[in-house]
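Per-entry structural report
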Amino acid sequence: GSVDAWAMLTATIEVASGAAMVLGFRTREFAILLVFFNFLAAAIGHPFWSIGDDATARWAQFIHFWKDIGLAGGALFVLARGAGPFSFDRR
């Protein structure tokens, strides 16, 4: 169903972006994709503020929300810094 399609899209974005950044291929383009992706994943996938009566579930979503914000921060660093000296972008 539609959940499977979203899961496949998510996995594709994460794997392709991670591999591209490790190789230094179109580093800044994939970094900005990951910035937006992780901000959206945090807001849509981990809405801890909407969980009222289950403290354990709320805490778990809170942790995952901030994990995604941290990943976006790492991608922002790569966006600002660009590719390393041995990357495809530098050849």
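Residues numbered from 1 in each chain as written. Predicted model: local features only at pLDDT ≥ 70, side-chain atom pairs only at ≥ 80, totals over all residues. Heavy atoms only, no water.

As for the packing of helix H2 (residues 27-45) against helix H3 (residues 55-81)
- One way to put it is that H2 packs onto H3 with a least axis distance of 8 Å and a crossing angle of 165°. Of the possible angle classes, the one that applies to H2 and H3 is roughly antiparallel. Note that H2 runs across H3; the crossing there is left-handed. Residues Thr 27, Arg 28, Ala 31, Ile 32, Leu 34, Val 35, Asn 38, Phe 39, Ala 41, Ala 42, Ala 43 and Gly 45 of H2 form the contact with H3, whose own contacting residues are Gln 61, Phe 65, Asp 68, Ile 69, Leu 71, Ala 72, Ala 75, Leu 76, Val 78, Leu 79, Ala 80 and Arg 81. (Axes fitted to C-alpha atoms, helices over the stretch in contact; angles between N-to-C directions. Helix = DSSP H or I, 4+ residues; strand = E, 2+ residues; numbered from the N terminus. Parallel < 35°, antiparallel > 145°, perpendicular 65-115°, else oblique. Left-handed = near helix turned anticlockwise from the far one by under 90°. Contact = heavy atoms within 4.5 Å.)

Considering the side chain of Ser 17
- Counting through the fold element by element, Ser 17 comes out in helix H1 (residues 2-23).
- Residues within four places of Ser 17 in sequence aside, it is in contact with Thr 12, Phe 30, Leu 33 and Leu 34.

A few points about the nonpolar core
- Grouped together as the largest cluster of nonpolar side chains are 5 residues: Ile 13, Leu 34, Val 35, Phe 37 and Ala 75.
- Broken down by element, the residue count for this core peaks at 3 residues, all from H2.
- Residues contacting Ala 75, with those up to four places away along its chain left out, are Ala 31, Leu 34 and Val 35. (Core = buried A, V, L, I, M, F, W, Y, C linked by side-chain atoms within 4.5 Å. Buried < 20%, exposed > 50% of the residue type's maximum accessible area, 1.4 Å probe, protein only.)

Some remarks on unusual backbone geometry
- One non-glycine residue, Arg 26, adopts positive backbone phi at about 50°.
- Locating Arg 26 in the fold gives a position in the loop between H1 and H2.

Examining the side chain of Asn 38
- Along the polypeptide, Asn 38 turns up in helix H2.
- Leaving out residues up to four positions away in the same chain, Asn 38 has contacts with Asp 68, Leu 71 and Ala 72.

Quick word on the environment of Phe 39
- Within the element layout of this structure, Phe 39 appears in helix H2.
- Residue classification places Phe 39 among the partly exposed residues on the basis of a relative accessible area of 36%.
- As for Phe 39 and Ala 72, which are separated by 33 residues in sequence, their C-alpha atoms are 6.5 Å apart.

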